[in-house]
Amino acid sequence: MKTIFLSVAMGLVLASVAMQLTLPGTRSEVPVIYWVTDPNPAREEQIRLFQEWLKKHHYPRIELRLDTANNDTSKKIIQGVSGVGGDCIDIGSGGGMRYFNSIGLLTDVTPWAREMGFDPSHTYPAMKTEITTDGHQYMFPCNCYDHLYWVNKATFRKYGQPLPPLTWDLQTFERLGKAHVAAANPPGQRRENFFANGAPLDVVRRGWGVSVFNETLTRCTLNDRRYVKALKLVRKWTYDDHLCPTAAEVQSFSTASGYGGSTLQLFNSGNYAMFMMGRYALIQLRKFGRLELAVSWPPSGGLPNCSTGTRAAGIYSGSQHPELARYFLAYLASEDYNMQIVRDADSQPPNPKYTRTEEYLRPKDYPNEWGCHEVFEDAMWKIAIGPEYSPFVVPDAVSRCDGNATEAYMSGVVSAEAAAQQAADRINAEIAQNLRDDPKLQARYDELAARQKRIDDLKARGEKIPLEWVDNHFLRRYYQWARMAR
C-alpha cells in the first residue's frame, strides 16, 4: 500500500511539473498577467493600447492576456479560494467588491493608487463608494455609467408629441406620458407603444428622501410610507396609465438579443419612445443607423437623482505578480485607455478629464449624438448617487429581498404596504443573522446603533442632524439638499 501511495504522489508531482512547464505564461519571455473580464470585442484593442502605454512610459515589460472563460462570479470565487485566480479581476459593482473583499480575494491598492495616480480623485466622486470601503481602495473603474432616458426624437415626431424636457417633475412625466400613449395606440387595439421601457422606482423613492437603510446603516427603512407611495405610483404608471409595459407585455415582444440589452430594438422601432440606459447603449444603437437622439434625466419629485455604477478591476490577493498587476489599474486612469472608451462609447470613461474633449462631445462620425454625451457627463457630477451599502448585510441579499417584495406587489400578490414591510423585515432579518454568524461585527453594530438612537431623538424633535453622524452617503446628500443637516 505504501508503494502505491508513493507512486500516486510521485505521479501527481510529475503531472504538476508538466502542467507548469506547458502553461503559456511559462513559455513567455516576459511575465504574464491575466485579466478576467467579459468577451467584449474591445478588449483586444485595450490590451494592444496597454502594451503601447507600458513602452511609452518605460514601464516593465508585461504580457497581459484575457481570461473571458472564467468571468462568471462563481468561477472567480472558486478559483480565488483555490489559489489560481486571475491577476486582475473585473467586478461589477461596489457590492461585489465588498463581497470579494470579505472573503479575502482582493488586494488593498490604496498606497499604489496614490503613488501611481489612480486614487479616487482620478474618477467621479460618485464612484468613491464603489471602489473603496472603510477608507481603503480595492478597485479602479474600467468604465462608469449613469442611467438616463434615451429619447428617440423620430418616435415623438411620428405621434405629434413634444420632446421630453431635460429635467422634469413626476407630474410632467405622467402628463406627457399619458398624451403619448393615447396618440400612439389606436383605441380598442392591443397596446404596443409605450412612453418608456420602465418606471424608475428607486429614483422616485430617493427623490422623496427614502433610503434602503437608516443613517448609520444598521437597519433597513423601506417600511416608510413614502416608499409605499412610490410603489403605488409606479404600479399606476404601469397597470393603469400604461406608460410602461407590464412584465407580461415585455414577454410578449419578440426581440433579438444584442450587446447592451435585448430590447433596444424596441426603442429603435418606436415601441418604446424612451429607454433608460447608460451611454453604453450606443454600442448597439450605432448599429441601427443614425437615430435622432436626445437624453433626459429621470423625473423626480424632490432631490434630482439617478442610479450609477461601474465595471471596475481589482487585483487578486493571490496573484503571483501584484507589483505588475498594479500597472494595469494605473493604465485604466490613463489618456490611452480613456480615449478608447470615449471612442467606443462603452459608458463614461473612468477619468472624467477625458470627457472635456471634442472627440467625446462631438464624435465626427455620429453627429446625431451631439448634445447627448454632455448630458451623461453632467449627470455624473450633479445627480448620480451610487447604491447604499451596509457593512452588516450582503448587497445581493438586499437586492433579493427588495426585488422579491416589489415583484409580489407589482403582480398583485400583496399590498404596497405589505411589500414595503416585507422588504424591511427580511433585510433586517439578514442583518440579525449576520450578527449571529459573525460576532466580531457586534461591537461596531452596538456603537452605531447607539448613535442612531441619538439621531432618531433629534429627528423626533424636528432638529437638524450633524452631518458627521451620517454614514449613509445617500442620506448625507439628501440632508444637505433638503437643508436638514448641520
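Computed from a predicted model, the values in this text were never measured in an experiment.

Here is what the cut-offs are and how they apply
Residues numbered from 1 in each chain as written. Predicted model: local features only at pLDDT ≥ 70, side-chain atom pairs only at ≥ 80, totals over all residues. Heavy atoms only, no water. Helix = DSSP H or I, 4+ residues; strand = E, 2+ residues; numbered from the N terminus. Rg over C-alpha atoms; globule rule 2.2 N^0.38 Å. Contact = heavy atoms within 4.5 Å. Lys, Arg positive; Asp, Glu negative; His and termini not counted. Charge placed at Lys NZ, Arg CZ, Asp CG, Glu CD. Pairing = 2+ DSSP bridges. Axes fitted to C-alpha atoms, helices over the stretch in contact; angles between N-to-C directions. Parallel < 35°, antiparallel > 145°, perpendicular 65-115°, else oblique. Left-handed = near helix turned anticlockwise from the far one by under 90°. Nonpolar A, V, L, I, M, F, W, Y, C, P; charged D, E, K, R; others polar. 1 Å grid on protein atoms, 1.4 Å probe; cavity = no way out; pocket = protein on both sides within 12 Å on 5 of 7 lines; lining within 4 Å. Points joined across faces, edges and corners; volume = space filled by probe spheres on them. Patch = residues over 30% accessible without salt bridge, like charges linked within 9 Å, V, L, I, M, F, W, Y side chains within 5 Å. Areas by Shrake-Rupley, 256 points an atom, 1.4 Å probe, with all protein chains shown as cover. Salt bridge = Lys/Arg side-chain N within 4 Å of Asp/Glu carboxyl O. Buried < 20%, exposed > 50% of the residue type's maximum accessible area, 1.4 Å probe, protein only. Core = buried A, V, L, I, M, F, W, Y, C linked by side-chain atoms within 4.5 Å. Phe/Tyr/Trp six-rings, centres within 6.5 Å; stacked < 30°, edge-to-face > 60°. Disulfide = S-S within 2.5 Å.

Participant: Got a minute to help me understand the overall build of the chain in this structure?
Facilitator: Secondary structure summary: the chain contains 22 helices and 12 strands in total. Taken over the C-alpha trace, the chain has a radius of gyration of 25 Å; the compact-globule value for 486 residues is 23 Å, and the two agree within 12%. Dimensions along the principal axes, computed over C-alpha positions, put the chain at roughly 80 × 60 × 50 Å. Taking as baseline every contact in the chain between residues at least 6 positions apart, the subset at least 24 positions apart corresponds to 72%. Taking the average location of the 56 positive side-chain charges in the chain and that of its 54 negative ones, the two points are 3 Å from each other.

Participant: Sorry, what's going on with the sheet that holds strand 10 (residues 293–296) here?
Facilitator: By way of backbone hydrogen bonds, the strands of a sheet pair with one another, either parallel or antiparallel. Strands sit in the order 8-9-7-10 across an open sheet of 4 strands; the sheet is mixed. Both edges of this open sheet fall to strand 8 (194–196) and strand 10, since each of them pairs with a single strand only. Each neighbouring strand pair of the sheet contributes to a mean axis angle of 30°, computed without reference to strand direction. Strands strand 7 (148–152), strand 8 and strand 9 (272–277) of the sheet are contacted by helix 9 (residues 170–184), whose axis makes an angle of about 150° with strand 8. In the packing of helix 18 (residues 373–382) onto the sheet, contacts are made with strand 7, strand 9 and strand 10, and the angle to strand 7 comes to roughly 165°.

Participant: Sorry if this is basic, but what is going on with the packing of helix 9 against helix 11 (residues 225–240) here?
Facilitator: How two helices pack is summed up by the angle between their axes together with the distance between the axes. It is the contact of helix 9 with helix 11, at a shortest axis distance of 11 Å, that shows an interaxial angle of 10°. In terms of orientation, helix 9 and helix 11 fall into the roughly parallel class. In this structure, the crossing between helix 9 and helix 11 has a hand that is left-handed. For the pair formed by helix 9 and helix 11, the contact residues are Leu170, Phe173, Glu174 and Lys178 on the first element and Leu233, Lys236 and Trp237 on the second. Here the contact of helix 9 with helix 11 is built from residues that sort into 4 nonpolar, no polar and 3 charged.

Participant: Explanation requested: empty space enclosed by the protein in the structure shown.
Facilitator: Regions of empty space are outlined by a rolling probe, equal in size to a water molecule, passed over the atoms. As enumerated under the stated definition, the model contains 1 cavity of 30 Å³ or more in all. Roughly 50 Å³ of internal volume is contained in the largest cavity. If you go around the largest cavity, the residues you meet are Val36, Asn70, Lys76, Gln79, Gly80, Gly85, Gly86, Ile89, Phe100, Leu105 and Tyr316. Among the elements that take part in the lining of the largest cavity, helix 4 (residues 73–81) stands out by supplying 3 residues, more than any other. A breakdown of the residues in the lining of the largest cavity according to their chemical character gives 5 nonpolar, 5 polar and 1 charged.

Participant: Looking at this model, I keep getting lost on a nonpolar patch on the surface. Mind explaining?
Facilitator: On the surface, a cluster of nonpolar side chains totalling about 310 Å² of accessible area is made up of Val81, Tyr99, Ile103 and Val394. Structurally, the position occupied by Ile103 is in the loop between helix 5 (94–102) and helix 6 (110–116).

Participant: Just to check I follow, could you spell out the pattern of salt bridges for this structure?
Facilitator: Under the definition given, this model contains 31 salt bridges. When the shortest N-O distance is used, the salt bridge between Asp90 and Arg311 registers 2.6 Å. Here Asp90, found in strand 3 (residues 88–91), pairs with Arg311, found in strand 11 (residues 306–315); they are 221 residues apart in sequence, far enough to count as distant. A single burial state applies to Asp90 and to Arg311, both of which are buried. Overlapping salt bridges bring together Glu174, Lys178, Lys236 and Asp241 as one network.

Participant: Explanation requested: the nonpolar core in the structure shown.
Facilitator: If you look at soluble globular proteins, the nonpolar side chains tend to sit buried side by side. Core analysis: the largest hydrophobic core is formed by 48 residues, its most contacted members being Phe173, Phe195, Phe213, Tyr227, Leu231 and Met274. Counting residues per element, this core draws most heavily on helix 20 (residues 416–437), at 8 residues. Excluding residues within four positions of it along the chain, Tyr227 makes contact with Leu201, Arg205, Val210, Leu222, Asp402, Thr406 and Ala420.

Participant: Is there a simple way to think about the layout of surface pockets in this case?
Facilitator: Size it by volume and the largest pocket reaches roughly 1,500 Å³. Taken together, 49 residues form the lining of the largest pocket, with Arg98, Thr132, Thr133, Asp134 and Tyr389 sitting closest to its centre. By residue class, the composition of the lining of the largest pocket is 20 nonpolar, 16 polar and 13 charged. In this structure, the second largest pocket occupies an estimated 1,300 Å³ of space. Together, 49 residues line the second largest pocket, and Leu201, Asp202, Asp402, Gly403 and Thr406 are the ones closest to its centre. Residue composition of the lining of the second largest pocket, grouped by class: 24 nonpolar, 18 polar and 7 charged.

Participant: Sorry, what's going on with unusual backbone geometry here?
Facilitator: Backbone geometry follows two general trends: most residues other than glycine have a negative phi, and most peptide bonds adopt the trans configuration. A positive phi angle, close to 50°, is found at Asp134, a residue other than glycine. You can see Asp134 is positioned in the loop between strand 4 (132–133) and strand 5 (136–137). Notably, Arg483 is not glycine yet its phi reads approximately 55°, a positive angle. Considering the arrangement of structural elements, one finds Arg483 in the segment after helix 22 (473–481). The class of Arg483 is exposed, set by a relative accessible area of 68%.

Participant: Can you walk me through the packing of aromatic side chains in this structure?
Facilitator: Taken as a whole and assessed by the stated rule, the structure comprises 27 aromatic pairs. Look at Trp35 and Phe328: their rings are 4.7 Å apart centre to centre, the planes differ by 55°, and that puts the pair in the tilted class. With a gap of 293 residues between them, Trp35 in strand 1 (residues 32–36) and Phe328 in helix 15 (residues 322–332) connect regions that are remote in the sequence. The class for Trp35 is buried, based on a relative accessible area of 0%. Ring centres of Phe392 and Tyr445 lie 5.1 Å apart, and the angle between their planes is 85°; on these two criteria the pair is classed as edge-to-face.

Participant: Could you clarify how one ought to interpret the state of the cysteines in this entry?
Facilitator: A covalent bond between the sulfur atoms of two cysteines is referred to as a disulfide. Per the counting criterion, the structure on display carries 0 disulfides. Between Cys142, a cysteine without a disulfide, and Cys88, which holds the nearest cysteine sulfur, the sulfur-to-sulfur distance is 9.0 Å.

Participant: Just to check I follow, could you spell out the environment of Ile47 for this structure?
Facilitator: With respect to the secondary-structure elements, Ile47 resides in helix 3 (residues 42–56). Residues Ile47 and Pro120 lie 73 residues apart in sequence; the distance between their C-alpha atoms is 23 Å. Apart from the residues lying within four places of it in its own chain, the contact partners of Ile47 are Trp35, Leu64, Arg65 and Leu66.

Participant: Whenever I open this one, the side chain of Gln137 confuses me. Can you help?
Facilitator: Mapped onto the fold, Gln137 is located in strand 5. By relative accessible area, Gln137 is classed as buried at 3%.

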